[in-house]
Amino acid sequence: MGLEYVKISPGFEKYMPRDYVDLVEFGQFGKEIDVMQMGQFKELVEEHPMCAGCYMAYFIRVFYTALPKPEDTIVLGTAGCARLALSQAAVPFIYGNYGDTNAVASGLKRALSIRFPDKEKDVVVIAGDGGLMDIGFGMTMHSWFRREKFTTIMVDNEVYGNTGGQESGMSPKGIQLKMAPTGKKFDKINAVELAQTAGCVYVARISPTNPKRIAKVIRRAILAARKFGPTFIHAYTSCNIEYSIPTREVLADARQREKKDFKFYEWMTDEVKEYLNEIEKKAKEVKS
Amino acid sequence: MPEQKVVEPEHLLLEAPRERKFITGSQAFAEAVKRANVDIAIAYPITPQSETMHLVGDLYAQGYLKDYYRAEEEYGAMSAIAGAVRGGVRAFTATSGPGLLRGLEAIVSWPGHRIPAVLGVMTRVVNAPLSIQPDNVELAYLLHSGLIVLHAENQQDVFDFTLAGFPISEKVDVYLPVVVATEGFFVTHAKGYVELPPEDMKLPPRDPYKAPVPPTDCEIPPARIQRDAPVQKSNFMSYLIHAVWQQEIWAANERSRKWIKHFLGGLVEVVNPDAEVFIVASGCAAAQGREAQRYAELEGLNVGLVKVKSLRPFPTQELRDTLKNAKAVIVPEHNIVGWLAKEVKAAIPNSGIVVDGPRVYGGMTLPVELIMEEIYKAFGIKKEKKTLV
Ligand SMILES: Cc1ncc(C[n+]2csc(CCOP(=O)(O)OP(=O)(O)O)c2C)c(N)n1
Ligand code: SF4
Ligand SMILES: [Mg+2]
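Residues numbered from 1 in each chain as written. Chains lettered and ligands numbered in written order. Predicted model: local features only at pLDDT ≥ 70, side-chain atom pairs only at ≥ 80, totals over all residues. Heavy atoms only, no water.

1. Notes on the overall build of chain B
Check the secondary structure of chain B and you find 14 helices and 16 strands. The C-alpha radius of gyration of chain B comes to 21 Å, within 12% of the 21 Å expected for a compact globule of 389 residues. Its C-alpha atoms give chain B principal-axis dimensions of roughly 75 × 55 × 45 Å. A buried classification covers 59% of the 389 residues belonging to chain B. A separation threshold of at least 6 residues defines the contact pool for chain B, and within that pool the share at least 24 residues apart is 82%. Per element, the accessible surface of chain B, about 15,500 Å² overall, is 55% carbon and sulfur. One finds the centroid of the 41 positive side-chain charges in chain B at a distance of 3 Å from the centroid of its 46 negative side-chain charges. (Helix = DSSP H or I, 4+ residues; strand = E, 2+ residues; numbered from the N terminus. Rg over C-alpha atoms; globule rule 2.2 N^0.38 Å. Buried < 20%, exposed > 50% of the residue type's maximum accessible area, 1.4 Å probe, protein only. Contact = heavy atoms within 4.5 Å. Areas by Shrake-Rupley, 256 points an atom, 1.4 Å probe, with all protein chains shown as cover. Lys, Arg positive; Asp, Glu negative; His and termini not counted. Charge placed at Lys NZ, Arg CZ, Asp CG, Glu CD.)

2. Points about the pattern of salt bridges
Residues and elements named next belong to chain A. Enumeration over the complete set of coordinates arrives at 47 salt bridges over all chains. Among the salt bridges present, the one from Glu-242 reaches Lys-178, with a minimum N-O distance of 3.7 Å. On the criterion of sequence distance, the pair formed by Glu-242 in the loop between strand 6 (231–236) and helix 10 (250–259) and Lys-178 in the loop between strand 4 (151–156) and helix 8 (191–198) is long-range, its members being 64 residues apart. Residue class for Glu-242 comes out partly exposed when judged on its relative accessible area of 23%. (Salt bridge = Lys/Arg side-chain N within 4 Å of Asp/Glu carboxyl O.)

3. Digging into a negative patch on the surface
Residues and elements named next belong to chain A. Side chains of Asp-270, Glu-271, Glu-274, Glu-278 and Glu-285 sit close together on the surface and give a patch of like negative charge. With respect to the helices and strands, the residue Asp-270 is situated in helix 11 (residues 270–287). Owing to a relative accessible area of 61%, Asp-270 belongs among the exposed residues under this scheme. (Patch = residues over 30% accessible without salt bridge, like charges linked within 9 Å, V, L, I, M, F, W, Y side chains within 5 Å.)

4. With respect to the coordination of the magnesium ion (ligand 3)
Residue and element names in this part refer to chain A. Distances from the magnesium ion (ligand 3) to its protein donors, Asp-129 (OD), Asn-157 (OD1) and Val-159 (O), fall at 2.0 to 2.1 Å. All donors to the magnesium ion (ligand 3) come from one chain, and their sequence spacing reads D-x27-N-x1-V. Val-159 sits in the buried class, given a relative accessible area of 2%. (Donors = N, O, S within 2.8 Å, 3.2 Å for Na, K, Ca; no water.)

5. A closer look at a nonpolar patch on the surface
A contiguous nonpolar patch, built from Phe-236, Met-237, Tyr-239, Leu-240 and Val-244 of chain B and spanning about 530 Å² of accessible area, is present on the exposed surface. Under the relative-accessibility criterion, Phe-236 of chain B is labelled exposed at 59%.

6. Structural notes on the site of ligand 1
Surrounding ligand 1, one finds 17 residues, the nearest of these being Tyr-98, Gly-131, Val-159, Gly-161 and Asn-162 of chain A. Residue neighbours of ligand 1 fall on chains A and B, so the site bridges chains. Backbone polar atom of Gly-161 of chain A to an oxygen atom of ligand 1: 2.8 Å apart, as the coordinates give it. Relative to its unbound accessible area of 590 Å², ligand 1 is 76% covered by the protein chains. The leading source of residues in the shell around ligand 1 is helix 6 (residues 129–135) of chain A, at four residues. Partitioned by chemical class, the residues of the shell around ligand 1 number seven nonpolar, eight polar and two charged. (Near = heavy atom within 4 Å. Polar contact = N/O pair within 3.5 Å; in protein donor to acceptor, adjacent residues only side chain to side chain. Nonpolar A, V, L, I, M, F, W, Y, C, P; charged D, E, K, R; others polar.)

7. Some details on the domain arrangement of chain B
All names here are of chain B. Under the domain assignment, chain B is made up of domain 1 (5–202) and domain 2 (268–379). Taking the mean C-alpha position of each, domain 1 and domain 2 sit 26 Å from one another. Opposite the 23 residues of domain 1 that make contact, domain 2 presents 23 residues. Buried area between domain 1 and domain 2, both sides added, is near 1,800 Å², and the carbon and sulfur share of it is 59%. Of all residues in domain 1, Leu-143, His-151 and Glu-153 give up the largest surface area on contact with domain 2, accounting jointly for 36% of the area buried on that side. Remark: the boundary between domain 1 and domain 2 carries three salt bridges. (Domains from an automatic or database assignment. Buried area = accessible area lost by both parts, 1.4 Å probe.)

Structure follows, in structure tokens:
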């Protein structure tokens, strides 16, 4: 059904909330949106209670803009800062228990495949470093081993932001955080390498300095997951509160990290490459 | 696999001709799943549950189910069940003791998420020390979470409760998960007679749109836009919403009474309603209670049995009515804490008549003699202890 269920039944336009009418008339449903048009259309997420200047909030805004088919997308999140914005977007959102995202998404995606074998329904997990690499580690890994067809995006702020700044497995070695009073004793987990080894068909690591590139990576990950298997994006989304990064320096910090341990990295299987090339070539032809 | 035709749950459960088979409790679970039009089953092995989920796997291989997999562990299995049911399909899983406790955070959130599904619980000691034997202390953890909890006495109950569990769970005015518990080994691995309806019949498929909470499938209008998520905030509205939601779950649990009566003939079974002394028991203890009642009758003692089939909702009124003239109520149990005795005491006005026990635990069997001793005491009969040489 997708687009049909979003549309307003004739005669109901004046009774629906303005917000909703705007979403249907000036929003993304059923359209191809270029991320550079941000600010010129009604976005899927607008208000949210995340901290002012939070880079994760910005990343989530770009994420929604990049969805290839928002009217047929289900987002799953978990405890952590991201869910504060995810739960307020105009896309169905599932929130279970902390760290359960990749198990819930496995069941959901399989159910949708049983019920709608001929339709594309995109399932996307967005969760924190703690959610995916600590408490939910087993479920994250096993969803990849099982080759479940959905996308996992880790918004890595290198800390437990939502509970007030404790060490996570993704925090850099040596850093002093709550519950690491003498500094973290082990290295940041290499999530990208794990994803690749565990069977993801598309893997990317990104510091969000370039909105066009973020959008492209998200789109690719979602398209590849539809056909081939699990896909993973590791995004650096700094926590300006817990790492004391002044808001105006958030972008500079992201650029700096991009030069160091968050160099842009993209890997995919040959068949994914072929498939995406095909799609992107066609899209270019339509444009020109 | 035979071609299966869809029939109404009433026909399958209450009217269809039945044939007698001699099968294990695990087979009885699988025979129910076979006729329940289940879409997906997700399994993680633990003794004594494993055999049931092996048999369900065979059903998948034969084409009765559309999907089946071995999960990473119980928390993952129970979370995936929530995802699948939200996606609109009918789901089954089962576990035991430590597995149940490992999956508990996910399981007790099913009612709040309005997840209609059936969960088999084959009871097992909760570690430590390690044991795989039947002991049903784990059921105490399920009583306060909003789940519907049925407790099967034998293989026949396992079949009937599991098959009825799906329509009860999916009724629009209920929409809660149903637990079908039974004692590991004593029921799962022992054979008993089970009257089975034909295997070429099955329940109608789940209709996820007949629901108080719609599935998450991007198919039903209006599109969900959640501009505000008050439940996640700390203000009076959020407290109120959470409170009201909990009230609704328990109200839904109450509303399942009529469907349990409809499909399973009541929340209790009463033997000899005019008795002076009653045994109140659930699950396997009810089978031993049944034997004790029979012995007592042979000895001319006026003893009755109340078998509690549904632990949640709890048959408070039924117990009050049946026990109003009783002079003693004996509650035999397969656990050390005596959760059923506590429930019975809380249900009736004169809790002083409740005898705590007899109880066995750690996997012990429950000899009828233990119940008989309490019966003699209740009637003031002194028996000489016989010593076997
Ligand atoms: C079972 C369970 N354990 C612990 C918590 C507490 N908790 C909530 S959010 C969170 C940390 C979130 O960190 P992360 O996943 O990195 O997300 P972030 O807030 O940093 O975006 C924790 C520990 C919980 N909600 N549930
Ligand atoms: S605590 Fe950090 S990650 Fe969370 S919303 Fe605030 S700035 Fe963002
Ligand atoms: Mg984090």
